[in-house]
Amino acid sequence: MTASTVLILSGSGRYADPWHPFAATSAIVAGLLADRGLAVEVSEDVEERLADLDDVDLLIVNAGDPVRHDPAPSDAIPAARAGLVRFAGRGGGILGLHAASASLRHIPEWSELLGGAWITGRSMHPEIGETVIAVTDVPHPVTAGLTEIATFDERYSHLDRRADVDVLAVHTHDGIEQPVVWAKGHESRARTVYSALGHDERAYVSPAVQRLVVQAAAWALRDPS
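I will try to describe carefully the structure that is included in this document. (Residues numbered from 1 in each chain as written. Predicted model: local features only at pLDDT ≥ 70, side-chain atom pairs only at ≥ 80, totals over all residues. Heavy atoms only, no water.)

## A word on the overall build of the protein
Across its full length, the protein holds five helices and eleven strands. Scaling as 2.2 N^0.38, a compact globule of 225 residues should have a C-alpha radius of gyration of about 17 Å, and the protein matches this with 16 Å. When the backbone C-alpha atoms are referred to their principal axes, the protein occupies close to 45 × 40 × 30 Å. Relative to all contacts within the protein whose residues are 6 or more apart in sequence, the contacts with residues 24 or more apart total 74%. Element-wise, carbon and sulfur atoms account for 52% of the exposed surface of the protein, whose accessible area totals about 9400 Å². Distance between charge centroids for the protein: 5 Å, based on 18 positive and 31 negative side chains. (Helix = DSSP H or I, 4+ residues; strand = E, 2+ residues; numbered from the N terminus. Rg over C-alpha atoms; globule rule 2.2 N^0.38 Å. Contact = heavy atoms within 4.5 Å. Areas by Shrake-Rupley, 256 points an atom, 1.4 Å probe, with all protein chains shown as cover. Lys, Arg positive; Asp, Glu negative; His and termini not counted. Charge placed at Lys NZ, Arg CZ, Asp CG, Glu CD.)

In structure tokens:
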């Protein structure tokens, strides 16, 4: 990868929850990308940092649902929303990890940019455990070289998914194929990847998950290397 700047927004405060060790998983992702020559910043100031993304090439969201703590948006949301819209408008790359599909709920553009969302009361996951995620036959740089993803993780199911995404990996729950990884975007717009994987540190032990994260970052950054 070329020298690009990555910002990881890691869940803390309103964006934390009792289930996800965001600090630990953000540190792992930061290490994977720093090893590839990227300049990586990890910030727990989610809304404040969203307001100023001028120095960022790739935005990674690894954070939870603030509505669990307080259904009312904070005073910082308007500036955060404007910053995210500007970032996407100039073609910045976006990578959402795991609980990111339930995050940034006060920013309506987020679910559209991400390509989907966790729907309270409908979305769910079977018990966490060893699993093998199937890679679809859609040819894509994000999943290049992967035929399956063996890991220890939650299998998010019944997510809302937009029609304009390329589904790259799936699992089957109750006889229904459930998208786990998807990508959207092209040269003239923000490129986005969402991976529902990454509940805790055990997920990132998997070489396939590590490869997925690195390749997702490279594609979102339009890095040809």
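## Brief notes about the sheet that holds strand S9 (residues 166–173)
An order of S2-S1-S3-S4-S11-S10-S9-S6-S7 is seen for the nine strands of this open sheet, with the pairing classed as mixed. Of all strands in the sheet, those bounded by a partner on one side alone are strand S2 (39–43) and strand S7 (148–153). Taken pair by pair, the neighbouring strands of this sheet meet at an average axis angle of 25 degrees, ignoring direction. As paired strands, strand S4 (residues 93–97) and strand S11 (residues 192–195) are joined by four bridges and run parallel to one another. If you follow Leu95 over to S11, its bridge partner there is Val193. Of the strands in this sheet, strand S1 (5–10), S2, strand S3 (58–62) and S4 touch helix H1 (residues 22–34), which is tilted by about 170 degrees from S1. (Pairing = 2+ DSSP bridges. Axes fitted to C-alpha atoms, helices over the stretch in contact; angles between N-to-C directions.)

## Observations regarding the packing of aromatic side chains
Counted under the stated rule, the structure contains two aromatic pairs. When the centroid spacing of 4.9 Å and the interplanar angle of 45 degrees are considered together, the rings of Trp182 and Tyr194 count as tilted. Remark: Tyr194 occurs in strand S11 and Trp182 occurs in strand S10 (residues 176–184); sequence separation between them is twelve residues. Residue classification places Tyr194 among the buried residues on the basis of a relative accessible area of 0%. (Phe/Tyr/Trp six-rings, centres within 6.5 Å; stacked < 30°, edge-to-face > 60°. Buried < 20%, exposed > 50% of the residue type's maximum accessible area, 1.4 Å probe, protein only.)

## Describing the pattern of salt bridges
One pass over the full model with this rule turns up ten salt bridges. A salt bridge links Glu47 to Arg14, with the nearest nitrogen and oxygen atoms 3.4 Å apart. One end of the pair, Glu47, is in helix H2 (residues 46–50); the other, Arg14, is in the loop between S1 and H1, and 33 residues separate them in sequence. The salt bridge partner of Glu109 is Arg81, with a shortest N-O separation of 2.8 Å. Of this pair, Glu109 sits in helix H4 (residues 109–114) while Arg81 sits in helix H3 (residues 77–89); the two residues are 28 residues apart in sequence, bridging distant segments of the chain. Residue classification places Glu109 among the partly exposed positions, given a relative accessible area of 25%. Each of the salt bridges in this network shares a partner with another, and the network as a whole consists of Glu112, Asp160, Arg162, Asp164 and Lys184. (Salt bridge = Lys/Arg side-chain N within 4 Å of Asp/Glu carboxyl O.)

## Describing the pairing of S11
Side chains of S11 alternate between two faces, with Thr192 and Tyr194 and Val193 and Ser195 buried alike. Sheet topology places S10 next to S11; four bridges connect them, and they run antiparallel. Paired with Trp182 across the two strands is Tyr194, which belongs to S11.

## Comments concerning H3
Residues that lie three or four places apart on an α-helix share one face, since the helix turns once every 3.6 residues. For H3, with 13 residues, the first-to-last C-alpha span of 18 Å sits near the 18 Å given by 1.5 Å per residue. For H3, the full list of buried residues reads Ile77, Ala80, Gly83, Leu84, Phe87 and Ala88. Considered in projection along H3, the buried side chains sweep an arc of 130 degrees and stay on one side of the axis. Turned more than 90 degrees off the buried face of H3, the exposed positions are Pro78 and Gly89. Looking at the buried side of H3, the elements it contacts are H2, S3, S4 and H4. Downstream of H3 by one or two residues, Gly91 has phi in the positive range, about 90 degrees. (Expected span 1.5 Å × (residues − 1). Arc of directions from axis to C-beta.)

## A few points about the environment of Glu44
Mapped onto the fold, Glu44 is located in the loop between S2 and H2. Discounting residues that sit within four places of it in the chain, Glu44 has contacts with Ser10, Ser12 and Ala23. Within the structure, the side chain of Glu44 is placed 3.4 Å from the side chain of Ser12, a separation counted as a polar contact. (Polar contact = N/O pair within 3.5 Å; in protein donor to acceptor, adjacent residues only side chain to side chain.)

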